[in-house]
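So you can see what is in the structure, the chains are spelled out below.
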Amino acid sequence: MAKMAIADQVLQRQDKDGMLRRALERIIQLYTDKSHFVYELLQNAEDAGASKIKFEQYADRLVVLHDGHPFSMENLQGLCDIGKSDKTDDLNQIGEFGVGFKSVFGICETVRLYSHPSKADQENGYHQFAVEIKDFTHPVDIDDQEVDVGYTTKFVFPYSVGFTFSGFTTIEKLDEVLSKRLQNLGITTLLFMKHLQSIDYKIELPKLKASGTYLLEKTPINDHCSLVSAMGETASKKENEEISYLVFSRPVTGIQAGRTIDIAFAVTVEESGDYTFSASKSPYISVYFPTETESKLKFIVQGPYRTTPNRSSVPADDKDNIDLAEQTAALLRDSVIELRDSGKLNFSFLNILPVDNEVFYSAPLFECMFEETESMMTEEELLLCKDGTYASADSVKIARGADFADVLSEELLTELLDDGTDYHWLPTFLTETNKTYKTLYEFLTDVLDIEVIRPENLRNAFNNNRAFLPRRDDEWLVKFYNMYDSVGGAFEKKRGGSNMLTAEIIKTSKGTFVAPYRKSDGSDQNAFYYRGYENASYLPNIFLPSANTDGMDDISFVDEKMLQHCRHFFVEILNLQKPNEYEFFIRDFKKRYESGKAVSDDQHITDLKRLLHYRGNSDYREEVTNLMKKYLKIRCTKDGKIVYANPSKEKVFFSVNSQGMSIEQYYSHIISYPYVDVDFYKIEDVDAEMLKLLGIQEEVAVGLDKTNGEYYTGNPGRQPEWTTYQGFRWKLSLDKLDAGLGYISRHPRLNAK
């Protein structure tokens, strides 16, 4: 039995025409936008080199005319075939694959083509013809029709709906969708066309009569950049819409070599010639015409990206598309540099750069644009500064406040920070509250790590560069203090460490600079009279000028001229007062000791020195003496332990007096007394004479202060008086003499030794 050639039988039974038709039907069905064929017709006109195209919509048909090159035999062959195109040798042409035009069969079953070459074209071998294309690929000669003057090509698409792959079920729905598309093509449709400059449309429907024009005007700036102006009318806007774009182009490298990638920035050209850029209203990737894929950019990108079969989507994971995106990122960088070099780069442009990485999470194709922006801002001088220059991210700062940036100019900022970098201020409209630049501000501060300098945060800068302020003249200092007058929050105590209270910025009467306040933690041993203010975080460090400053050489006063010109700042903002430190001290001293809380040794020394200081003033002596008697306790040793004792309430002795007598040994077996810790006070520069003023005793003798009195005779009447002479004391005795003698008598052998 002969073997059946089954494969040959299958091949014989195949309906190749049917297979082709079903394949084309499936491709047409893939078009989610059933009016997308309009772009395919625009593509056909662009590839033919047309400068104008006109759409005429009627109730039963669509007529399209353009003035491109007349059809040749090869052109017609490419239009009728699938997967074969006459355009493969010219990569700048759009309709390379011979499939897109077939999308028109979603509204009709036949296409009529009328080609009317000019006389010059006829002389070059082109022929006038009229054909009807049926079943996607089969041309049939038909009777010719007139073509409007000025046009060379005419298409007629008789409507047919309701069949398997038709995009519409009724003619009415088709008319509705098509008329909407024509009225809303948008002027960006022409943006990347090399030839097309105008699109006209006319709608003649029973319920709608409309017409309009989209025009394109291109002004070359150089061989890769043009200023493109487009205008048109949309259904939603009766008035003309006009938009200009600055378009940068570059030939593609790699597999798509010969084509171009383009970036279009929406721009307004001001009368001055300056550019003001804005975010594009069409954030879709263009493959010559807009696709349905958002780029997540604020400008329009165009290139020969690979799309889905219906040309609506651009796959983000396609390696060729990724390569094109990276080439476009490089074009972006070079475009920014070119704008900078021409003086056109400003913050309206920087504000439309891809500076928000999060938007690319759902559309990652152009995430490389964000990375390129971060890189170029760091490596190139592209940030427009307040002084009109350009700088990179590592040499700019953001000033919080226009007055602040005016007072602390770029030169002064550089001098103050003094780290070897020439700094520049960015424009002061960049703030966290400016909604226009909010995303850009976050990019600058969070991604590029540009520091925001606030007046209230300069404490360390001034304290670390103490030579800065002495080099400034009085006129500048007045501006400086008046600037801080408007940012009073910089001196709020509740701000904690983030304030200027301890910044050494106040000019004194001696020409030095000190902080208006200091913290009351007692850490600075040289300013003892500011320690221990537990009831406040900060203590006054400088005072308003006073007429009576005797004995106050260690107190700083505000410079008279500064006070005269900036009184509100010193009085209302800093709350400085004339010095009455004694009153401040007495107030805090009483609170401290009346509270019953333990007082630190540092605080004790501070209080002791200030009491002795004020005791030297006759106006204060009596009150100070009373305060010492009432409150002051002295550090002592008693029975081998550290104790604190008030010399006015109990006896406190030196362990050894000035004559070398051991008082402690004298009392050792008689009574336990506290003995002042002389070594502790000596370290703190409190000597024995100061301690004597506090009531510390160094004598065991009693009656030393009794130098006169009456002698009792036993007789009535006035008694005779007596007076001692020089060092003689008639009533002199020794403290605890009886007890001492008793101890000796009880321990004769001990005392014999």
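Everything that follows concerns the structure shown earlier in this document.
Residues numbered from 1 in each chain as written. Predicted model: local features only at pLDDT ≥ 70, side-chain atom pairs only at ≥ 80, totals over all residues. Heavy atoms only, no water.

**Student:** Describe the overall build of the chain, naming the residues involved and giving the relevant values.
**Tutor:** Secondary structure summary: the chain contains 24 helices and 31 strands in total. Here the chain holds 753 residues, and the buried ones make up 48% of them. Counting only contacts in the chain whose residues sit at least 6 apart along the sequence, the fraction spanning at least 24 positions is 59%. About 38,200 Å² of surface is accessible on the chain, with carbon and sulfur atoms providing 48% of the total. (Helix = DSSP H or I, 4+ residues; strand = E, 2+ residues; numbered from the N terminus. Buried < 20%, exposed > 50% of the residue type's maximum accessible area, 1.4 Å probe, protein only. Contact = heavy atoms within 4.5 Å. Areas by Shrake-Rupley, 256 points an atom, 1.4 Å probe, with all protein chains shown as cover.)

**Student:** Lay out the environment of Asp601 with the relevant residues and their values.
**Tutor:** Here Asp601 lies in helix H18 (residues 601–615). Residue class for Asp601 comes out partly exposed when judged on its relative accessible area of 30%. For Asp601 and Arg635, which are 34 residues apart along the polypeptide, the C-alpha to C-alpha distance reads 8.8 Å.

**Student:** Give a description of the environment of Thr431 that names residues and reports values.
**Tutor:** By the element assignment, Thr431 lies in the loop between strand E19 (424–425) and helix H12 (438–447). Ignoring any residue separated from it by four or fewer positions in sequence, one finds Thr431 in contact with Arg400 and Tyr441. One polar contact links the side chain of Thr431 to the main-chain amide nitrogen of Asn434, over a distance of 3.2 Å. (Polar contact = N/O pair within 3.5 Å; in protein donor to acceptor, adjacent residues only side chain to side chain.)

**Student:** Tell me what's going on with the packing of aromatic side chains, and back it up with residues and numbers.
**Tutor:** Each aromatic ring pair is characterised by the separation of its centres together with the angle its planes make. Under the criterion given, the structure shown has 37 aromatic pairs. Considering the side-chain rings of Phe347 and Phe429, the 5.7 Å spacing of their centres and the 90° angle between planes classify their relative orientation as edge-to-face. Linking Phe347 in helix H8 (residues 347–350) with Phe429 in the loop between E19 and H12, this pair joins segments that are 82 residues apart in sequence. (Phe/Tyr/Trp six-rings, centres within 6.5 Å; stacked < 30°, edge-to-face > 60°.)

**Student:** Go over the sheet that holds strand E26 (residues 641–645), please, and point to the residues and values.
**Tutor:** What the 3 strands build is an open sheet, ordered E26-E25-E27; its pairing is antiparallel. In this open sheet, the two edge strands, each paired with only one partner strand, are E26 and strand E27 (675–676). The sheet contact formed by strand E25 (residues 634–638) and E27 spans 2 bridges and is antiparallel. Looking at the pairing, Cys636 lines up with Val676 of E27. (Pairing = 2+ DSSP bridges.)

**Student:** Please give an account of the packing of helix H7 (residues 319–341) against helix H9 (residues 367–379) that cites residues and values.
**Tutor:** Where H7 contacts H9, the axes come no closer than 9 Å and their chain directions differ by 30°. Relative to H9, H7 is oriented so that their crossing is right-handed. On H9, the residues that touch Ala325, Glu326, Thr328, Ala329, Leu332, Arg333 and Val336 of H7 are Cys368, Met369, Glu372, Thr373, Ser375, Met376 and Glu379. Here the residues of the contact of H7 with H9 are counted per class, giving 7 nonpolar, 3 polar and 4 charged. (Axes fitted to C-alpha atoms, helices over the stretch in contact; angles between N-to-C directions. Left-handed = near helix turned anticlockwise from the far one by under 90°. Nonpolar A, V, L, I, M, F, W, Y, C, P; charged D, E, K, R; others polar.)

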